[in-house]
Amino acid sequence: PDDGQGEEEEESVPPFAPLPSECRSSELPTCVLRDVYTAEQALSDPNFILQLEADMLMECCKFGKVVTLVSPDLPYYEGAVCVTYEEIMGAQECGEAMDGRGFDGREIRVQALGNWGSGDIVPEDDDPNAAAGDGAGGDAGGGTAAAAAADADPLAAFLSSV
């Protein structure tokens, strides 16, 4: 019985999809706020997503300058709102404040995606176009130094908790 439940859970998770281009994931940190709404809510009112995004923008602006806020129409992001910040600290504060927060009878979960400093993309993107702006020469030696810097960084603690 346990194997069957695990298989059902595995099948219900859609495959990963990159963030929409307006999130500028190769440059900026993005908090993906999950379980904010249901598909039924989105279908019930043609203005639901616009109203939700406006409400979420008002709340998320408290943590820092929001560059983009979008609810992608992709299975991987169903029920999610993606909030991209200009600064890492704003994204970190958003993640800490919103993760576990109750919203409309659900508990919001936060996923960190995009560039959270040191040039590393979370999760790593295999798209060659995304790496083109980082410079191929800097990646070879910077990985170890970036990992060491992350150990001393409070952001590393946040990312490991998400």
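Scroll up to find the structure this text is about.
Criteria and cut-off values
- Residues numbered from 1 in each chain as written.
- Predicted model: local features only at pLDDT ≥ 70, side-chain atom pairs only at ≥ 80, totals over all residues.
- Heavy atoms only, no water.
- Helix = DSSP H or I, 4+ residues; strand = E, 2+ residues; numbered from the N terminus.
- Buried < 20%, exposed > 50% of the residue type's maximum accessible area, 1.4 Å probe, protein only.
- Contact = heavy atoms within 4.5 Å.
- Areas by Shrake-Rupley, 256 points an atom, 1.4 Å probe, with all protein chains shown as cover.
- Phe/Tyr/Trp six-rings, centres within 6.5 Å; stacked < 30°, edge-to-face > 60°.
- Lys NZ or Arg CZ within 6 Å of the ring centre and 35° of its normal.
- Salt bridge = Lys/Arg side-chain N within 4 Å of Asp/Glu carboxyl O.

A. Main features of the overall build of the protein. Summing up its helical and strand segments, the protein has seven helices and seven strands in all. In the protein, the succession of helices and strands from N to C terminus is α-β-α-α-β-β-α-β-β-β-β-α-α-α. Split into buried and exposed, the 162 residues of the protein put 35% on the buried side. By sequence separation, contacts in the protein at least 24 residues apart represent 68% of the contacts at least 6 residues apart. If you sum the accessible surface of the protein, you get close to 9500 Å²; carbon and sulfur atoms cover 52% of it.

B. Focus on the packing of aromatic side chains. Throughout the structure, instances matching the rule amount to three aromatic pairs. With a centroid separation of 5.0 Å and an interplanar angle of 75°, the aromatic rings of Phe-16 and Tyr-76 are classed as edge-to-face. Placement of the pair is Phe-16 in the loop between helix 1 (2-12) and strand 1 (29-34) and Tyr-76 in the loop between strand 2 (66-70) and strand 3 (81-85), with a sequence separation of 60 residues. A relative accessible area of 45% means that Phe-16 is categorised as partly exposed. Feature note: the residues Phe-16, Tyr-76 and Tyr-77 constitute an aromatic cluster, connected by ring pairs. For the cation-ring pair, Arg-34 lies above Tyr-76, with the distance from its terminal atom to the ring centre recorded as 4.6 Å.

C. Quick look at the pattern of salt bridges. Inspection of every chain in the model, using the stated rule, returns six salt bridges. The salt bridge partner of Arg-101 is Glu-59, with a shortest N-O separation of 2.9 Å. Taken as a pair, Arg-101 in the loop between helix 4 (88-98) and strand 4 (102-103) and Glu-59 in helix 3 (residues 48-60) lie far apart in primary sequence, 42 residues in all. For Lys-65, the salt bridge identified is with Glu-86, shortest N-O distance 3.4 Å. Linking Lys-65 in the loop between helix 3 and strand 2 with Glu-86 in the loop between strand 3 and helix 4, this pair joins segments that are 21 residues apart in sequence. Note on Lys-65: relative accessible area 54%, which makes it exposed. Glu-86 gets classed as partly exposed once you look at its relative accessible area, which sits at 39%. Taken together, the shared-partner salt bridges in this structure form one network comprising Glu-59, Lys-62 and Arg-101.

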